[in-house]
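Coordinate inspection notes
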Amino acid sequence: KARENLIASGKDAVPHLIPALEGARPQVRWNIALALGKIKDPTTTQALMDVLVARKGNKSEEYQGVRGFCCLALGKLRDDKAVSVLLDVDDSDDG
C-alpha cells in the first residue's frame, strides 16, 4: 500500500525516496527501487546507478535483491547513461 501511495505521488516523492535508497532496510530499498522505476523520473538514474556501483562487490542476498530491483528500475527509465553500468553489473555477476 505504501509503495502505491508513493507511486501515485509521482515526481513529488522522488526527493524523499533517493536518500532512503541507501540508508533504509533492504526490503524498504527494494520497494523504493520499484517505486522509482514506476515513477520513471529520469533524475533518479544517477542514484540508482550509484547503488549498483556501491554494492558491486557485495554478494549477500539482501544486496543482490536491492541491486536487482535497481536494474529493473533503470530498465524502465530507458536512460542511455545506464547502459554501461548495467553491462558492468551483468559481467560482475557472472563470476
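Structure first, text after, so check above.
In this text, all values refer to a predicted model and were calculated from it rather than measured experimentally. (Residues numbered from 1 in each chain as written. Predicted model: local features only at pLDDT ≥ 70, side-chain atom pairs only at ≥ 80, totals over all residues. Heavy atoms only, no water.)

**With respect to the packing of helix α1 (residues 2-9) against helix α3 (residues 26-39)**
The N-to-C vectors of α1 and α3 enclose an angle of 30 degrees; their axes lie 9 Å apart at closest approach. When you trace α1 past α3, the crossing you get is right-handed. Residue-level inspection shows Arg-3, Leu-6 and Ile-7 of α1 in contact with α3, the latter providing Asn-31, Leu-34, Ala-35, Lys-38 and Ile-39. Of the residues belonging to the contact of α1 with α3, the class tally is five nonpolar, one polar and two charged. (Axes fitted to C-alpha atoms, helices over the stretch in contact; angles between N-to-C directions. Helix = DSSP H or I, 4+ residues; strand = E, 2+ residues; numbered from the N terminus. Left-handed = near helix turned anticlockwise from the far one by under 90°. Contact = heavy atoms within 4.5 Å. Nonpolar A, V, L, I, M, F, W, Y, C, P; charged D, E, K, R; others polar.)

**Things to note about the packing of aromatic side chains**
Evaluated as defined, the whole model comprises one aromatic pair. An angle of 45 degrees between the planes, with centres 6.1 Å apart, marks the rings of Trp-30 and Phe-69 as tilted. Here Trp-30, found in helix α3, pairs with Phe-69, found in helix α5 (residues 61-77); they are 39 residues apart in sequence, far enough to count as distant. What makes Trp-30 partly exposed here is its relative accessible area of 29%. Residue classification places Phe-69 among the partly exposed residues on the basis of a relative accessible area of 26%. (Phe/Tyr/Trp six-rings, centres within 6.5 Å; stacked < 30°, edge-to-face > 60°. Buried < 20%, exposed > 50% of the residue type's maximum accessible area, 1.4 Å probe, protein only.)

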